[in-house]
There are 2 protein chains.
Amino acid sequence: MNNFNFCSPTEFIFGKGAQTETGNALKKYGARKVLIVHGSDRIKSSGLLGQIEKSITDAGVEFCEYGGILPNPTAGSVYEGIDIALKEKVDFLLAVGGGSPIDAAKAIALGVVADEDFWNFYNGTSKPRSALPVGVVLTIPAAGSEGSGNSVITNEITHQKISVRYPDILRPKFSIMNPELTYSLPWFQTACGIVDMMAHIYERYFSNTPDTGLVDSYSEAILREIMDQALTLKLDGDNYSARANVMWAGTLAHNGLCGVGKIEDWASHRLEHEISAFYNVAHGAGLAVIIPAWMSYCSKRNPDKLWRFAINVMSVDPAGKSTDQIIEEGICELKNFYHDLGLTTNLRMLIGGEPDIDLMVNSLHRNMGDTLGCYVPLSMEDCRNIYKLAVDSE
Amino acid sequence: MNNFNFCSPTEFIFGKGAQTETGNALKKYGARKVLIVHGSDRIKSSGLLGQIEKSITDAGVEFCEYGGILPNPTAGSVYEGIDIALKEKVDFLLAVGGGSPIDAAKAIALGVVADEDFWNFYNGTSKPRSALPVGVVLTIPAAGSEGSGNSVITNEITHQKISVRYPDILRPKFSIMNPELTYSLPWFQTACGIVDMMAHIYERYFSNTPDTGLVDSYSEAILREIMDQALTLKLDGDNYSARANVMWAGTLAHNGLCGVGKIEDWASHRLEHEISAFYNVAHGAGLAVIIPAWMSYCSKRNPDKLWRFAINVMSVDPAGKSTDQIIEEGICELKNFYHDLGLTTNLRMLIGGEPDIDLMVNSLHRNMGDTLGCYVPLSMEDCRNIYKLAVDSE
């Protein structure tokens with residue numbers, strides 16, 4: 001186990017009716033004027049935005065609103081948000097929704113206090129020193145952004161989708177998590193969220209750092225539990241227990257707990273980001289295509305953890321089977337699980353045509369340099385081969 | 001799953017050489033003059049205290065020292081610490097050691113800023129509004145106090161050992177955790193620590209709150225891992241990996257993560273506190289006696305979770321066995337594990353004579369009222385029977 005620092009100071013306010021605590025939480029953390037950043041009309045039409053606004057007003061806090069943040073939030077939407085935040089002189093950002101408004105709110109929070117282009121903090125030109133505080137009302141469990149210091153923004157001009165991690169300044173002060181608010185999520189979004197949160201654990205689980213027995217064991221337990229709860233949810237989307245367990249799992253998958261003391265990988269996420277940047281598919285749907293291809297490709301060069309994954313997470317019975325067979329069966333079971341969720345594991349099917357692999361690999365190279373990931377360090381040729389595997393995947 | 005608030009803001013600075021970060025951490029969290037609270041001479045003779053003092057001096061922070069805190073720290077030692085802290089005008093407490101100096105430091109932190117007797121915050125007379133900040137250099141993984149808002153103090157005049165939980169003001173700002181510092185721990189203390197951290201999970205695991213699949217699953221994973229690592233440590237006390245995994249498990253066992261959304265029990269801890277209050281035995285050694293007795297007693301009235309525990313934690317094969325047999329085998333395996341650690345599960349053996357059960361039950365009644373615990377609400381007669389079971393336990 002490597003040395004590590006772990007600090008997860010976000011206050012999670014979890015459970016039925018929790019959104020009525022929004023105003024109190026904002027007041028507790030010192031907000032005087034809040035910019036509410038949100039995405040879909042569902043937030044308004046369901047009455048959620050009204051409940052939140054009432055709670056904020058009751059707490060004596062001022063607010064203004066910036067809606068319309070789309071999935072894979074763009075740099076353009078961040079610039080617009082920064083303008084509004086500066087004009088309205090807000091001192092707090094409140095994201096309502098899933099990863100997209102949360103990540104946009106974090107980017108706005110960085111941009112408002114910076115004396116340079118916020119995009120510099122994403123493309124690696126410079127590092128931010130501070131940000132406005134951010135709070136969250138979560139309605140889509142997936143990105144884990146409600147408890148992380150991460151933010152992913154897509155620059156629509158340069159076609160770059162880049163993830164950053166600034167835990168000291170970007171972790172939300174509080175996150176309001178009411179599982180009931182996810183009842184109305186379409187199944188496709190629920191399924192994509194499940195794939196995404198599981199991937200956040202894989203990116204940490206598949207590591208060569210030795211002696212990480214404890215974190216590996218509880219990561220496996222969380223993965224198994226997500227799969228169990230997902231199958232319940234598929235049959236009964238209004239099952240509070242399954243919604244609650246999945247929501248909490250999504251937070252633990254990405255608040256750092258599953259990565260303590262380990263070198264993390266993140267190749268699959270970066271391979272996927274090129275797909276969603278160029279073809280604008282849902283991130284989780286892209287991961288369902290990339291992850292099995294990445295696993296198959298890596299299994300020849302570094303089978304150890306994939307073997308453990310097959311047995312401990314995918315419940316493959318190892319009796320009488322070779323390592324290769326066990327791993328192959330594990331990957332097959334994972335694909336079956338994605339298919340059960342209603343997702344394809346074939347890249348051509350996902351984007352509805354032939355992907356431009358050269359385009360994606362060239363972009364990867366520009367964004368990430370010559371190699372990707374740590375579990376198996378991937379050259380750009382390896383990345384090309386993984387995309388090809390995904391194109392022909394069953 | 002019940003509604004919950006979870007916030008664990010402590011910064012954990014974990015790994016080899018971490019103690020050299022003490023000064024920087026104190027400075028980061030605003031300390032100007034620190035009272036170092038510690039226990040054993042081992043801290044001094046090992047050179048650890050010198051390293052810490054150098055680190056503090058290098059960071060430009062002043063310090064003074066209060067040593068000699070004994071296991072089961074007393075109210076008397078807290079009063080003495082409060083006097084020193086006031087006289088020296090310190091603004092920060094740094095505990096170096098295990099649960100005893102940490103809990104004493106927390107009590108001093110409460111007492112210094114209070115305009116009443118600190119004991120009022122323990123015996124239930126009043127609630128504290130604030131405390132001085134506390135930092136930790138952990139040398140004994142057991143109590144979990146390095147990440148919790150809890151403190152346990154024994155009043156030697158009134159013979160009361162009382163635990164309080166004030167997470168908003170008592171969670172340490174930072175905890176420095178170097179597993180190498182635990183190499184020199186005598187095996188008995190290592191073993192007692194292992195029993196204690198496992199018990200912190202049991203107190204949350206054995207709950208009647210429904211639909212807590214996720215937290216139950218990762219709790220089970222942590223329990224299994226502690227047992228595996230403990231058996232490695234018994235053969236090789238200088239095994240860094242096992243020391244590191246056990247140390248991190250001790251923190252997760254008690255920082256609240258394993259209790260989210262659940263009604264907790266804590267009967268076993270309270271039953272044990274009477275033993276260590278009257279017979280001054282190590283807390284972990286007392287728990288090894290009480291927990292199997294508590295499990296046996298509760299198994300008739302509420303078998304469900306004990307059945308799951310036997311299978312998922314103690315790895316009992318359920319095939320062809322009745323529920324009773326499965327539970328009994330699980331408890332038997334747990335006793336065997338305690339015996340492997342070199343601990344007795346018999347109360348008479350533990351205290352070297354016949355316990356005064358009336359004395360303990362009367363004290364329990366005075367401290368806790370008419371009932372204890374939630375998994376099976378125990379009357380004072382039940383508590384008496386559990387002590388009796390422990391007296392005759394194998």
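Check the entry above for the structure.
Residues numbered from 1 in each chain as written. Chains lettered and ligands numbered in written order. Predicted model: local features only at pLDDT ≥ 70, side-chain atom pairs only at ≥ 80, totals over all residues. Heavy atoms only, no water.

Draft legend 1. Expanded view of the relation of the copies chain A and chain B. Note on the identical chains: chain A maps onto chain B by a rotation of 180° and an axial translation of 0.0 Å, with an RMSD of 0.0 Å. On the angle and the small slide along the axis, the relation comes out as a two-fold axis. Across chain A, the rotation axis passes nearest the C-alpha of A:Pro9, at a separation of 1.9 Å. Most of the interface of chain A is mirrored in chain B, where 100% of its interface residues again form contacts. (Least-squares fit on C-alpha atoms with pLDDT ≥ 70 in both. Contact = heavy atoms within 4.5 Å.)

Draft legend 2. Local environment of the packing of aromatic side chains. All names here are of chain A. Under the counting rule described, the total for this entry stands at 40 aromatic pairs over all chains. Plain terms: the ring middles of Tyr29 and Phe174 are 5.9 Å apart, the flat faces sit at 25° to each other, and that makes the pair stacked. With Tyr29 in the loop between α1 (22-28) and β2 (33-38) and Phe174 in strand β8 (residues 174-177), this residue pair connects regions lying 145 residues apart in the sequence. On the accessibility criterion, Tyr29 (26% relative accessible area) is partly exposed. Relative accessible area serves as the criterion here: at 0%, Phe174 is assigned to the buried category. (Phe/Tyr/Trp six-rings, centres within 6.5 Å; stacked < 30°, edge-to-face > 60°. Helix = DSSP H or I, 4+ residues; strand = E, 2+ residues; numbered from the N terminus. Buried < 20%, exposed > 50% of the residue type's maximum accessible area, 1.4 Å probe, protein only.)

Draft legend 3. Up close: the packing of helix α8 (residues 187-205) of chain B against helix α11 (residues 267-279) of chain B. Residues and elements named next belong to chain B. It is the contact of α8 with α11, at a shortest axis distance of 8 Å, that shows an interaxial angle of 135°. Judged by the inter-axis angle, α8 sits oblique to α11. Contacts from Asp196, Ala199, His200 and Glu203 of α8 reach α11 at Ala267, Ser268 and His269. (Axes fitted to C-alpha atoms, helices over the stretch in contact; angles between N-to-C directions. Parallel < 35°, antiparallel > 145°, perpendicular 65-115°, else oblique.)

Draft legend 4. Molecular detail of the nonpolar core. Judged by nonpolar contacts, the single largest core of 238 residues is most densely connected at A:Tyr202, A:Tyr218, A:Trp248, B:Tyr202, B:Tyr218 and B:Trp248. Residue contacts for B:Tyr218: discarding those within four places in its chain leaves A:Tyr218, A:Ala221, A:Ile222, A:Trp248, A:Leu252, B:Leu257, B:Cys258 and B:Val260. (Core = buried A, V, L, I, M, F, W, Y, C linked by side-chain atoms within 4.5 Å.)

Draft legend 5. Local environment of the sheet that holds strand β8 (residues 174-177) of chain B. The strand order β3(A)-β2(A)-β4(A)-β5(A)-β8(A)-β1(A)-β1(B)-β8(B)-β5(B)-β4(B)-β2(B)-β3(B) describes an open sheet built from twelve strands, whose pairing is mixed. Each edge of the open sheet carries a strand with a single partner, namely β3 (62-66) of chain A together with β3 (62-66) of chain B. For this sheet, the mean angle separating the axes of adjacent strands, direction not counted, is 25°. In this sheet, strand β5 (residues 134-138) of chain A lies alongside strand β4 (residues 92-97) of chain A in parallel orientation, the contact comprising five bridges. Following the sheet pairing, A:Val96 is matched in β5(A) by A:Val137. (Pairing = 2+ DSSP bridges.)

Draft legend 6. Broad picture of the environment of B:Val164. Residues and elements named next belong to chain B. With respect to the helices and strands, Val164 occurs in strand β7 (residues 160-165). Val164 gets classed as buried once you look at its relative accessible area, which sits at 8%. Separated by 168 residues in sequence, Val164 and Cys332 place their C-alpha atoms 32 Å apart. Every residue in contact with Val164, bar those within four places of it in the chain, is listed here: Phe121, Tyr122, Gly149, Asn150 and Ser151.

Draft legend 7. Here's a closer look at the pattern of salt bridges. According to the stated counting rule, one finds 32 salt bridges over all chains in the structure shown. In this structure, A:Lys28 and A:Glu11 form a salt bridge, with 2.8 Å as the shortest nitrogen-oxygen distance. Pair noted here: A:Lys28 is in helix α1 and A:Glu11 is in strand β1 (residues 4-14), with a separation of 17 residues, a long-range link. When its relative accessible area of 52% is taken as the criterion, A:Lys28 is described as exposed. We classify A:Glu11 as buried; its relative accessible area is 8%. Put simply, B:Glu65 and B:Lys44 hold a salt bridge, and the shortest N to O gap is 3.3 Å. On the criterion of sequence distance, the pair formed by B:Glu65 in strand β3 and B:Lys44 in helix α2 (residues 42-45) is long-range, its members being 21 residues apart. Accessibility expressed as a relative area gives 31% for B:Glu65, which makes it partly exposed. (Salt bridge = Lys/Arg side-chain N within 4 Å of Asp/Glu carboxyl O.)

Draft legend 8. How the structure looks around unusual backbone geometry. All names here are of chain A. In this structure, Asp211 takes a positive phi of about 65° despite not being glycine. Structurally, Asp211 is set in the loop between α7 (187-205) and α8 (213-235). Its identity as a non-glycine residue notwithstanding, Ser315 has a phi of 55°, on the positive side. Mapped onto the secondary structure, Ser315 falls in the loop between α12 (304-312) and α13 (323-340). The class for Ser315 is exposed, based on a relative accessible area of 56%.

Draft legend 9. Fine view of the pairing of strand β5 (residues 134-138) of chain B. Residues and elements named next belong to chain B. Along β5, five of the five residues are buried, which leaves the element largely enclosed by surrounding structure. Both faces of β5 are covered, namely the face carrying Val134, Val136 and Leu138 and the face carrying Gly135 and Val137. Pairing analysis gives four bridges linking β5 to β8, with the strands arranged parallel. Opposite Val137, over in β8, you have Ile176 as the bridge partner.

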